[in-house]
Structures are given as C-alpha cells and as structure tokens.
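One letter stands for each residue in the lines below.
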Amino acid sequence: MSNWMLGAVLTIGILFSSACREEEMTPCSIQDKRLVDGVDFYCGNVVDLNRMGANLDYARIVNTQFNSVTAENIMKPAFLHPSENLFHWTEADQLADYCASHSKRLHGHTLIWHQQLPPWMLNFRGDQTAWENMMREHIFQIVNHFKGKVSSWDVVNEAFNDDGTLRNSIWKKNLGSSYLEKAFQYAHEADPAAKLFYNDYSLVINPVKRKAVLSFLNSLKAKGVPIDGIGLQMHLFNGFPENVEISNAIDEVWKNDYLVHISELDISINPFSQALDKAPQEELVRQAEKYLYIFKTYDRIHASYKFGITIWGVGDRDSWIRYFYNRADFPLLFDDNYQPKRAYCKLIADL
Ligand code: XIL
C-alpha cells in the first residue's frame, strides 16, 4: 500500500471511530423539535428551581421539553406543613409562579402518605375525631392555598402493601380504612375543580396489588367518592416488568374508568447494583426501546383517559435512584451533563 493510501485509510479510520465515539456520547442534540411536540398528552418532569437557577442546560430542557410539572419533594407534608399551626409555602409558591408564567400544568404531590411526614404528625395524639380534624385541616389548607394553581393532586400515596392489604400507616391506625374516602372528600371540598388521584408503585409488576387497589377504589367510587384517576408510578427496569405487563396494567386502569397518569417514570439499568462508572451501550439501547414502548402504548389509549406521563428527574445525576438505593444507575432521558441519551433521541425521532 502506498503512503498516501495508508494515510487515507488511517484518516478515514480515525474519522469513523471518532464519529462513533461522538455518536455514543451525544446520539442527537436538543434542536427545534420538542418532546411535547411528538405526543398529544401532557409530558412532565419533577422540577427543582434551585437546579434551574444553577444550570442553563437543565433550565433549557425543563423550559422546552415538558409542559407539566410535579414537585419532587417540596409539596410533601414535611415541607408544606412543618408544625401543626404552620404552613410553609415559599418554595412551592415559587414553583407555582414559574408554572403559571411558563404555561405549565402543576400536579400536586402528595397530601397523605406514610413517608416524609413532619414529626408533629407522626407524634400526634388524639381520638378518632381529633385525627379526622387534623387530616381535614391538613388537606383543606393545602388544597385551598393552591386552588386554581394546582390542577390535580395525588391525594393518597402508597396506601397498599404488596399483598393487596391496606398499609398500617398512621392514617389507617388512627382513622381506619375510611381515611381514604375522607381524604378524597376533603380535597374535593377544598377545590372541586381539581382532578384527584390515588398514586402507588408496583401496580404494573404486581397484578394482585393492582386488582386490590382497583376493587377498593371502585367500591369508593360506587359510593360517590370523588376519585378521578390512578397514578402508576412506574419505577421500572430495562428487563422487567415485561412490555405486555405494562400495556395490561394501563388498559386495566382506563377500562375501570380512571384517568391514567404514568406519574414517576424512570427506567433503571442496574438491578443488581453492579459497580458501573458509566452506562453500558447495550443497556442504553434497551432503555430507549422501553421508553418508546411506554410512550407509544400510552398514546394509543383514548384521549379522555390520558392525564399524561411524568418522568422522575431530568438528568441522571438528579435521579433519586442513586441516593435512595445507593447504586450507580442511569434511569432518565438526559445524562449527567444534561446531554440527550438514546432514550430521548428515540422518543424525538419515533413519536
Ligand atoms: C422521592 C424523591 O425523589 C427523593 O428525593 C426523596 O428523598 C424520597 O422521595 N415514590 C414517590 C415519590 O411517591 O415521592 C418518591 O420521591 C419516590 C417514590
């Protein structure tokens, strides 16, 4: 081979391999097309105003790609209601103002849960009437404060165990199982226009739990309790649940006449907590396919049942999975530097 031919081959080789490397790092760029343009339902994320202020890339993604917002933590009881006679609105009000000025829907998360409760609530003492008044005041003040700004609420979060029984939370212990219907009624009294949701995890992978939740909520709805929809959290893995389980769960929920909110979507790639310093390419490819499957499957349900899909985090560095489960993981649409991952690019290209 002559010198120039060798040079040409080497140059092409270098160009080709750097193009591949480039392609691996940034499979597409955030251009004119926006995620929300490809779908006819609300597409949301958890938004942190501190991160918005600190990182332009984060802010650009939130501003352009999503039209619905959930607060990851600042609208939970421990933050909004830190002591019995004190409500703390500052950060949540700022988020509500941001949503109003940027035409984004704000979904409230969450009124009644067994986690992230303020200590005073955990230590509350009183008979059933005192508990009822306390719960009513908690729900009423919060929903009333955000009336007209928050369009929907996760009224009750994670009330069921995996075997389909009711979790023995402080609410169940002190109010019995009727706390759920009361919570929905109080929220409805405070804002009759707000859409009210029951939200939970494992409703896709665990049909026993899903059926128990549906039958419990159906019996409340039959009595006239105002429940509009069900939030399927969907903290999933590349390998499970199977796609068919996902479509079965979505179908079962709307067929029971509930709005469907895929409320906390993320897709983990490291179920066995391996030591990973970056995401393996083949897992990113599988992850992209799974995201696309979920969006397409959701999109085909009737418009009147679509409340939207909310992703639980913007860049992988923000994901709760890393610190909550203490494992390396890469479950979101954007990487640690807020560059698009294959999953984002596939949604943009194929929706
Ligand atoms: C998580 C947040 O993402 C974390 O920042 C926080 O430390 C714990 O809660 N199900 C829910 C969400 O309903 O509120 C949880 O959010 C994730 C699981």
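Residues numbered from 1 in each chain as written. Predicted model: local features only at pLDDT ≥ 70, side-chain atom pairs only at ≥ 80, totals over all residues. Heavy atoms only, no water.

Notes on the packing of helix H12 (residues 281-299) against helix H14 (residues 342-350)
To keep it simple, the criterion reads: Throughout, an axis means a line fitted to C-alpha atoms (over the contacting stretch in the case of helices), and angles, computed between N-to-C directions, take values from 0 to 180 degrees. Put simply, DSSP H or I for four residues or longer makes a helix, DSSP E for two residues or longer makes a strand, and each gets a number counted from the N terminus. The labels follow the angle: roughly parallel below 35 degrees, roughly antiparallel above 145, roughly perpendicular from 65 to 115, and oblique for the rest. The sense of a crossing depends on the near helix, which, turned anticlockwise from the far helix by less than a right angle, makes the crossing left-handed and, turned clockwise, makes it right-handed. Should any heavy atoms of two residues lie within 4.5 Å, those residues are considered in contact. Three categories are distinguished: nonpolar for Ala, Val, Leu, Ile, Met, Phe, Trp, Tyr, Cys and Pro, charged for Asp, Glu, Lys and Arg, and polar for the others, with Gly belonging to the last.
Two elements in contact, H12 and H14, have axes whose closest approach is 8 Å; the angle formed by their N-to-C orientations is 40°. On the basis of their axis angle, the class for H12 and H14 is oblique. Between H12 and H14 the crossing geometry is right-handed. Contact residues: H12 offers Gln-281, Leu-284, Val-285, Ala-288, Glu-289, Tyr-291, Leu-292, Phe-295 and Lys-296, while H14 offers Arg-342, Ala-343, Lys-346, Leu-347 and Asp-350. Broken down by class, the residue content of the contact of H12 with H14 amounts to eight nonpolar, one polar and five charged.

Section: the packing of aromatic side chains
Formally: Only Phe, Tyr and Trp rings are paired, with Trp represented by its six-membered ring, and only when their centres lie within 6.5 Å; those with planes under 30 degrees apart are stacked, over 60 edge-to-face, the remainder tilted. Exposure is judged per residue with a 1.4 Å probe applied to protein chains only, and the accessible area is read against the type maximum: over 50% gives exposed, under 20% gives buried, and values in between give partly exposed.
Following the criterion strictly, the structure yields 18 aromatic pairs and no others. A centroid spacing of 4.9 Å and a plane angle of 80° characterise the contact between Phe-41 and Tyr-298, whose relative ring orientation is edge-to-face. With a gap of 257 residues between them, Phe-41 in the loop between helix H1 (3-25) and strand S1 (43-46) and Tyr-298 in helix H12 connect regions that are remote in the sequence. Here Phe-41 and Tyr-298 have matching classes, each one buried. Relative to Tyr-198, the ring of Phe-160 has its centre 5.9 Å away and its plane inclined at 90°; by these criteria the two rings are edge-to-face. Linking Phe-160 in the loop between strand S4 (152-157) and helix H8 (170-175) with Tyr-198 in strand S5 (residues 195-200), this pair joins segments that are 38 residues apart in sequence.

Considerations on the state of the cysteines
What counts here: Note on terminology: pairs of cysteine sulfur atoms within 2.5 Å are recorded as disulfides.
According to the stated counting rule, one finds one disulfide in the structure shown. The partner cysteine of Cys-28 in its disulfide is Cys-345, sulfur to sulfur 2.0 Å. Handedness here is read from the sign of the S-S torsion; for Cys-28 and Cys-345, about -85°, the answer is left-handed. A residue pair is termed long-range when its members are at least 10 positions apart, and Cys-28 in the loop between H1 and S1 and Cys-345 in helix H14 qualify at 317 residues. Since its relative accessible area comes to 22%, Cys-28 is described here as partly exposed.

As for a nonpolar patch on the surface
Keep this limit in mind: Excluding any residue in a salt bridge, patches collect residues exceeding 30% relative accessible area, merging like charges within 9 Å and nonpolar Val, Leu, Ile, Met, Phe, Trp and Tyr side chains within 5 Å. The Shrake-Rupley method, run with a 1.4 Å probe, gives the accessible areas here. Residue values count only the displayed protein chains as cover. What makes a salt bridge here is a side-chain nitrogen of Lys or Arg within 4 Å of a carboxyl oxygen of Asp or Glu, nothing more.
On the surface, a nonpolar cluster with roughly 370 Å² of combined accessible area is contributed by Tyr-323, Phe-324 and Tyr-325. Along the chain, the position of Tyr-323 falls in helix H13 (residues 320-324). The exposure class assigned to Tyr-323 is exposed, which follows from its relative accessible area of 55%.

Details of the nonpolar core
Put simply, the rule reads: For our purposes a nonpolar core is just a set of buried Ala, Val, Leu, Ile, Met, Phe, Trp, Tyr and Cys residues, chained together by side-chain atoms within 4.5 Å.
Grouped together as the largest cluster of nonpolar side chains are 103 residues, with contacts concentrated most on Trp-153, Val-156, Trp-171, Leu-265, Tyr-291 and Phe-295. If you tally residues by element for this core, the top one is helix H9 (residues 179-190), at seven residues. Leaving out residues up to four positions away in the same chain, Val-156 has contacts with Thr-110, Ile-112, Tyr-179, Leu-180, Ala-183, Phe-184, Phe-197, Tyr-198 and Asn-199.

Some points on the site of the ligand
To keep it simple, the criterion reads: One heavy atom within 4 Å of a molecule or strand is enough for the residue carrying it to be called near that molecule or strand. Nitrogen and oxygen atoms within 3.5 Å of one another constitute a polar contact, given that in protein one can donate a hydrogen and the other can accept it, and given that sequence-neighbouring residues count only through two side-chain atoms.
Surveying the vicinity of the ligand reveals 14 residues, the closest of which are Glu-72, Lys-76, His-109, Glu-264 and Tyr-323. At 3.0 Å from an oxygen atom of the ligand is found a side-chain nitrogen or oxygen belonging to Asn-157. Taking Glu-264, its side chain carries an N or O atom lying 2.8 Å from an oxygen atom of the ligand. If the ligand stood free it would expose 420 Å²; the protein chains cover 90% of that surface. Considering only residue class, the shell around the ligand consists of four nonpolar, six polar and four charged.

With respect to the confidence of the model for the protein
Which entries qualify depends on this criterion: Per-residue confidence from the predictor is given as pLDDT, running between 0 and 100.
The predicted model of the protein averages 93 in pLDDT, with 92% of residues at 70 or higher. Contacts of residues 1-23 to residues separated by more than four positions or lying in other chains number three contacts, the stretch itself having pLDDT below 50.

Examining the pattern of salt bridges
Counted by the stated rule, this structure contains 18 salt bridges. Notably, a salt bridge pairs Arg-34 with Asp-37, separated by 3.0 Å at the nearest N-O pair. Look at Arg-34 and you get partly exposed, because its relative accessible area is 34%. On the accessibility criterion, Asp-37 (42% relative accessible area) is partly exposed. Residue Asp-251 pairs with Arg-300 through a salt bridge whose shortest N-O separation is 3.5 Å. Highlighted residues: Asp-251 in helix H11 (residues 243-255) and Arg-300 in the loop between H12 and strand S9 (306-311), separated in sequence by 49 residues. Each of Asp-40, Asp-299 and Lys-306 takes part in salt bridges that share partners, so that together they form one network.

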